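# Summary of structural features
Here's the letter readout for the chains.
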Amino acid sequence: MKTKLVVLVLLFVINGTMAQRLSRFQNSQTVDSFFSLKSARKHPLVLAHRGGPGPSDTENSIVTFTKTAQKLPDVIIEMDVRMTADSNFVLLHDATLDRESDGKGAVAERTLTELANVKLKTLSGALTEQSIPTFTDILLWNRNRYMLALDVKPGTDPLRVMNEVAKHRAVHSVFVICYSMAEAQRVRAQYPTLWLAVGVNNMADLNRFETSQLVSGQRLIALTPQKLQPVLFYERLHKLGVLASVGTYGTEQLDEKPMTEAAGGYREIVRQGGDIITTDRPIDVSVLF
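Summarised in this report is the structure supplied together with it. (Residues numbered from 1 in each chain as written. Predicted model: local features only at pLDDT ≥ 70, side-chain atom pairs only at ≥ 80, totals over all residues. Heavy atoms only, no water.)

### As for the pairing of strand E1 (residues 45–48)
Operational definition: Buried residues are those whose accessible area, probed at 1.4 Å on protein chains only, stays under 20% of the maximum for their type, while exposed residues exceed 50% and partly exposed ones sit between those limits. Per the convention used, a helix needs a DSSP run of H or I reaching at least four residues, while a strand needs a run of E reaching at least two, with both numbered from the N terminus. For two strands to pair, DSSP has to find at least two bridges joining them.
Across the two faces of E1 the burial is the same, with Leu45 and Leu47 and Val46 and Ala48 all buried. As judged from the 4 bridges shared by E1 and strand E11 (residues 276–279), these two strands associate in the parallel manner. Bridging from a neighbouring strand, Leu45 pairs with Ile276 of E11. Pairing geometry for E1 and strand E2 (residues 76–83), over 2 bridges, is parallel. Along E2, the bridge assignment pairs Leu47 with Ile76.

### Quick word on the layout of surface pockets
Heads up, the rule is: Computed over the protein atoms alone on a 1 Å grid, cavities are sets of points where a 1.4 Å probe fits but cannot get out and pockets are open sets with protein on both sides within 12 Å along at least five of seven lines; a residue lines them when it has an atom within 4 Å of a point. Grid points are joined across faces, edges and corners, and a volume is the space filled by probe spheres set on the points. Any residue outside Ala, Val, Leu, Ile, Met, Phe, Trp, Tyr, Cys, Pro, Asp, Glu, Lys and Arg is labelled polar, Gly included; the first ten of those are nonpolar and the last four are charged.
Approximately 390 Å³ is the volume attributed to the largest pocket. Lining of the largest pocket is provided by 23 residues; of these, Asp151, Ile177, Leu223, Tyr249 and Thr278 occupy positions nearest its centre. When its residues are assigned to classes, the lining of the largest pocket shows 10 nonpolar, 9 polar and 4 charged.

### Let's talk about the packing of helix H4 (residues 62–71) against helix H6 (residues 135–142)
So the rule is basically this: Lines fitted to C-alpha atoms define the axes, with helix axes restricted to the stretch in contact, and inter-axis angles between N-to-C directions lie between 0 and 180 degrees. Working rule for angles: under 35 degrees goes down as roughly parallel, over 145 as roughly antiparallel, 65 to 115 as roughly perpendicular, anything else as oblique. Crossings are assigned a handedness: left-handed for a near helix turned anticlockwise from the far helix by less than a right angle, right-handed for a clockwise turn. Contacts are assigned to residue pairs with any non-hydrogen atoms lying within 4.5 Å of each other.
One way to put it is that H4 packs onto H6 with a least axis distance of 11 Å and a crossing angle of 30 degrees. As judged from the angle between their axes, H4 and H6 are roughly parallel. Where H4 crosses over H6, the two elements pack in a sense that is right-handed. Seen from H4, the contacting residues are Ile62, Phe65 and Thr66; seen from H6, they are Asp137, Ile138 and Trp141. Looking at the contact of H4 with H6 residue by residue, the classes come out as 4 nonpolar, 1 polar and 1 charged.

### Observations concerning the packing of aromatic side chains
Basically, it comes down to this: Between rings of Phe, Tyr and Trp, where Trp is taken as its six-membered ring, a pair exists when centres lie within 6.5 Å; planes separated by under 30 degrees are stacked, by over 60 edge-to-face, and by other angles tilted.
Tallied over the entire structure, the rule returns 7 aromatic pairs. Seen from their ring centres, Phe65 and Trp141 are 6.0 Å apart, and the 45 degrees between their planes marks the pair as tilted. Separated by 76 residues along the polypeptide, Phe65 in helix H4 and Trp141 in helix H6 bring together distant segments of the chain. The burial state of Phe65 is the same as that of Trp141; both residues are buried. Between Trp141 and Tyr146, the aromatic rings sit 5.8 Å apart at their centres with planes inclined by 25 degrees, giving stacked as the arrangement. Feature note: the residues Phe25, Phe34, Phe35, Phe175 and Trp195 constitute an aromatic cluster, connected by ring pairs.

### A word on empty space enclosed by the protein
One pass over the structure, following the stated rule, counts 1 cavity of 30 Å³ or more. In this model, the largest cavity occupies a volume close to 40 Å³. In terms of lining residues, the largest cavity is bounded by Ser28, Val31, Val171, His172, Val174, Thr193, Leu194 and Trp195. Across the lining of the largest cavity, the residue classes tally to 5 nonpolar, 3 polar and no charged.

### Describing the pattern of salt bridges
The condition that has to hold: We count a salt bridge whenever a side-chain nitrogen from Lys or Arg sits within 4 Å of a carboxyl oxygen from Asp or Glu.
Taken as a whole, this structure holds 16 salt bridges when the rule is applied. Two residues, Asp80 and Lys153, come together in a salt bridge whose shortest N-O distance is 3.4 Å. Highlighted residues: Asp80 in strand E2 and Lys153 in the loop between strand E6 (147–152) and helix H7 (158–167), separated in sequence by 73 residues. Between Asp205 and Arg208 there is a salt bridge, with the nearest N and O atoms lying 2.4 Å from each other. Of this pair, Asp205 and Arg208 both sit in helix H9 (residues 203–210), 3 residues apart, which is roughly one turn of that helix. For Asp205, a relative accessible area of 17% puts it in the buried group. Given the relative accessible area of 53%, Arg208 is considered exposed.

### Observations concerning helix H11 (residues 259–272)
An α-helical turn contains 3.6 residues, so a residue and the one three or four places further along point in the same direction. Basically, it comes down to this: Expected span, for any helix, means 1.5 Å times one less than how many residues it has.
Taking 1.5 Å per residue as the helical rise, H11 with its 14 residues ought to reach 20 Å, and the 20 Å between its terminal C-alpha atoms agrees with that figure. When H11 is considered as a whole, its buried residues turn out to be Ala262, Ala263, Tyr266, Ile269, Val270 and Gln272. Considering only its buried residues, H11 is in contact with helix H3 (37–42), helix H10 (231–239), strand E10 (243–247), E11 and helix H12 (282–286). Phi turns positive, to about 135 degrees, at Gly273, one or two residues after H11.

These figures capture arrangement, not role.
Following this line, the structure appears as structure tokens:
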């Protein structure tokens, strides 16, 4: 009888843990806890740029998202959202299909039906059988398990994207990257508890940022320059309760260097005051901390 009781208790605990993972981000409190400045300063959050694909992986794809998330459950998965000619949403980094797929031309000039026949290429250029995912595909795949960073590309209305998120009851498992303070304020007005990311590129930007109405609501991530700023820059953000994200991807950046050379650079970002490292190699970076 005792053995059966122990087994039942274990099953209850396991099922409860699985249920929590299957719907981790259920309300604003769970999101706020995830982005806690105190927690981020102990161990930086890692944001997987385009999902964190390697040379043999596709970017902005469920296959790559799954691969990254299985190895790094606390990862933030960044994705690029674009609108099609018939007002649907798909994931693709570039405005045109040419580099990332076997298609040609602008995403905005194709319907969802037309894009369904397009196949993705890996970073090294090899053609796969993977289709371009719709944004709905991603929300159904995620089921509030992982934090998603939505880079809503210019020409795509972030509020329309968020309306899709809301339909899937996924508001608490995303944050939106905004291209201007005005855009961020527009989104915040409709979604007051939503986390937002905005660019703060220099001290002049920071001065304007400190007096913005947007800061009063907090729940903000500052997208700071890839070149490290003085410690004071990050300290001012932290006094506002704002997290600092630092990108390490791109030509001649840390992500392009061997890890033996780059490791010290990633650690220096955190020492200076960076809270989120946005990188093309999230798994390798995560083991440094």
